[in-house]
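What follows is the residue order along each chain.
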There are 2 protein chains.
Amino acid sequence: MSKYFLGSTLDDPIAEATRQWRAHGWEEAAPGMAAVTTITRVNRILVSRIEEALSPFGLTFARFEILRLLGFARDNELPMGKIGDRLQVHPASVTSAVKRLERDGLIERVPADHDNRIVLARLLPDGRKTLEQATRRINEVFTSLELDTATLQDLTAHLAAIRSD
Amino acid sequence: MSKYFLGSTLDDPIAEATRQWRAHGWEEAAPGMAAVTTITRVNRILVSRIEEALSPFGLTFARFEILRLLGFARDNELPMGKIGDRLQVHPASVTSAVKRLERDGLIERVPADHDNRIVLARLLPDGRKTLEQATRRINEVFTSLELDTATLQDLTAHLAAIRSD
DNA sequence: TTATAATAGTTTGATGTCAAAGTATTTCCT
DNA sequence: AGGAAATACTTTGACATCAAACTATTATAA
């Protein structure tokens, strides 16, 4: 049974909302409503699973993504701005997450020598080690989803239409 | 071009991550990684669109969902706990959102007379009015998604497997 | 050369999410 | 009846997200 869900197994709140939408003459909007609501719920569940897997390392998903990005980057470093671009998050969110990664000794922040406006986040040895362990753990989550590979790929492909804007 | 995305249109960070995953021998986890990452990104984009549409009413998506739920409920009221069950959010999140809806005069909180532990959130006339206008606006978002109806329904059906746990 | 514009990050403030701890009330069981 | 356990909700604290305002640095243009 799901977290926070104490009611009867029989009623599915999203199915119920869909019925209501149709009953109120919003037929056209019903499939979109159901899809968006579903994505929101699923997102929370997935992030929750991931953060449970990452908890032994004191990492959140957001911070893991930054570590992972730096682990792939040339010289293990990237400007704050690039991180925001790649992860599609607000610059303030990058500042916030990087501050915590630095606090925990996983990365360091260094000014770029050719342009002092730029701050580079650089993976440290401890960060590399944590990253490698965390990646193994998170991959267990990725391989144990309820959907088969083909469905996952379909899903990814379809949602790309929304993601790109 | 997307918010916060300043780089070349050619590089797709998720496609790149998938390449890296395969290159590092995490082939099995790659589809899951891509799907989860995509869902996270898409969720943020959708919530962002919705909240832009709701901004004239001073509503967030979370608070809209509560209003919408109350609008469908018998007597326009529900216990805090039921709201959390239906929306699959933590009780503390309900408390937080309801506090703001009450502050804005859209709902009221009343103790249930048969059990004083229970707090009922009840839609007020102003809340009803705001709800109706907000629903029209949010339905415009739901009807203007980049995916056709069949795809939306497929998506909803597939993701239900994850949502139910 | 210098004033203006653009760029890169950070700070602040509002909201949302969750876990864990705390309070109040009701139920259950001896 | 009375104490323990369960239930319902709130509070607190940590973290994430975004928008808007602010600072610093570099580029542009008169």
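Scroll up to find the structure this text is about.
Here we summarise the structure given alongside this text. (Residues numbered from 1 in each chain as written. Chains lettered and ligands numbered in written order. Predicted model: local features only at pLDDT ≥ 70, side-chain atom pairs only at ≥ 80, totals over all residues. Heavy atoms only, no water.)

## Observations concerning the side chain of Thr18(A)
Topologically, Thr18(A) is positioned in helix H1 (residues 13-23). If we skip the residues at most four places from it in the chain, Thr18(A) touches Ala30(A), Met33(A) and Ala34(A). (Helix = DSSP H or I, 4+ residues; strand = E, 2+ residues; numbered from the N terminus. Contact = heavy atoms within 4.5 Å.)

## What to know about the sheet that holds strand E1 (residues 77-79) of chain A
All names here are of chain A. Across the sheet, which stays open at both edges, the three strands sit in the order E1-E3-E2 with antiparallel pairing between neighbours. Each edge of the open sheet is held by one strand with a lone partner, namely E1 and strand E2 (107-112). Taking the axes of each pair of neighbouring strands and ignoring which way they run, one obtains an average angle of 30 degrees across the sheet. Looking at chain direction, E1 and strand E3 (residues 115-123) are connected through three bridges and run antiparallel. (Pairing = 2+ DSSP bridges. Axes fitted to C-alpha atoms, helices over the stretch in contact; angles between N-to-C directions.)

## As for the relation of the copies chain A and chain B
Relative to chain B, chain A is turned by 180 degrees and slid 0.0 Å along the rotation axis, the superposed coordinates differing by an RMSD of 0.0 Å. When the rotation and shift are considered jointly, the pair of chain copies conforms to a two-fold rotation axis. When the interface residues of chain A are mapped onto chain B, 100% of them again lie at the interface, so the same face is used by both copies. (Least-squares fit on C-alpha atoms with pLDDT ≥ 70 in both.)

## Quick look at the pattern of salt bridges
Residues and elements named next belong to chain A. For the structure shown, the criterion picks out 26 salt bridges over all chains. Between Arg 122 and Glu 108 there is a salt bridge, and its shortest N-O distance comes to 3.0 Å. Of the two residues, Arg 122 sits in strand E3 while Glu 108 sits in strand E2, which places them 14 residues apart along the sequence. The shortest N-O distance in the salt bridge between Arg 117 and Asp 115 comes to 2.9 Å. According to the relative accessible area criterion, Asp 115 is buried, its value standing at 17%. Residues participating in the shared-partner salt-bridge network are Arg 63, Arg 103 and Asp 104. (Salt bridge = Lys/Arg side-chain N within 4 Å of Asp/Glu carboxyl O. Buried < 20%, exposed > 50% of the residue type's maximum accessible area, 1.4 Å probe, protein only.)

## Describing the packing of aromatic side chains
As enumerated under the stated definition, the model contains four aromatic pairs over all chains in all. Relative to Trp26(A), the ring of Trp21(A) lies with its centre 5.1 Å away and its plane at 70 degrees, an arrangement referred to as edge-to-face. A relative accessible area of 2% places Trp21(A) in the buried class. Look at Trp26(A) and you get partly exposed, because its relative accessible area is 22%. Aromatic pair Trp21(A) and Phe72(B): ring centres 6.0 Å apart, planes at 80 degrees, arrangement edge-to-face. With Trp21(A) in helix H1 and Phe72(B) in helix H3 (residues 61-72), this residue pair bridges two chains. Every member of this aromatic cluster is reached through a ring pair, and the members are Trp21(A), Trp26(A) and Phe72(B). The aromatic ring of Phe72(A) is capped on one face by Arg68(A), whose charged end is 4.1 Å from the ring centroid. (Phe/Tyr/Trp six-rings, centres within 6.5 Å; stacked < 30°, edge-to-face > 60°. Lys NZ or Arg CZ within 6 Å of the ring centre and 35° of its normal.)

## Quick word on helix H1 (residues 13-23) of chain B
Residue and element names in this part refer to chain B. Among the residues making up H1, those that are buried are Ile 14, Ala 17, Thr 18, Gln 20 and Trp 21. Angularly, the buried residues of H1 cover 165 degrees about the axis, an arc narrow enough to put them on a single face. Looking at where H1 begins, the residue whose side-chain oxygen comes 2.9 Å from the main-chain nitrogen of Ile 14 is Asp 12. Directly beyond the C-terminal end of H1, a positive phi value near 85 degrees is found at Gly 25. (Arc of directions from axis to C-beta. Polar contact = N/O pair within 3.5 Å; in protein donor to acceptor, adjacent residues only side chain to side chain.)

## Side note on a negative patch on the surface
Judged by side-chain charge, Asp148(A), Asp154(A), Asp148(B) and Asp154(B) come together as a negatively charged surface patch. Relative to the helices and strands, Asp148(A) resides in the loop between helix H6 (125-142) and helix H7 (149-163). In this structure Asp148(A) comes out as partly exposed when scored by relative accessible area, which is 47%. (Patch = residues over 30% accessible without salt bridge, like charges linked within 9 Å, V, L, I, M, F, W, Y side chains within 5 Å. Areas by Shrake-Rupley, 256 points an atom, 1.4 Å probe, with all protein chains shown as cover. Lys, Arg positive; Asp, Glu negative; His and termini not counted. Charge placed at Lys NZ, Arg CZ, Asp CG, Glu CD.)

## So, the pairing of E2(A)
All names here are of chain A. Sheet topology note: the E2/E3 ladder contains six bridges and is antiparallel. Note that in E3 the partner of Glu 108 across the bridge is Arg 122. Turn length for the E2-E3 hairpin, with the two strands adjacent in sequence and antiparallel, is two residues.

## Digging into the packing of helix H4 (residues 80-87) of chain B against helix H5 (residues 91-103) of chain B
Residues and elements named next belong to chain B. Between H4 and H5, the least distance of the axes is 9 Å, while the angle of their chain directions is 115 degrees. Looking at the two axes, H4 sits roughly perpendicular to H5. Note on packing geometry: the crossing formed by H4 with H5 is right-handed. In this structure, H4 contributes Met 80, Ile 83 and Gly 84 to the contact, and H5 contributes Val 94, Thr 95 and Val 98. (Parallel < 35°, antiparallel > 145°, perpendicular 65-115°, else oblique. Left-handed = near helix turned anticlockwise from the far one by under 90°.)

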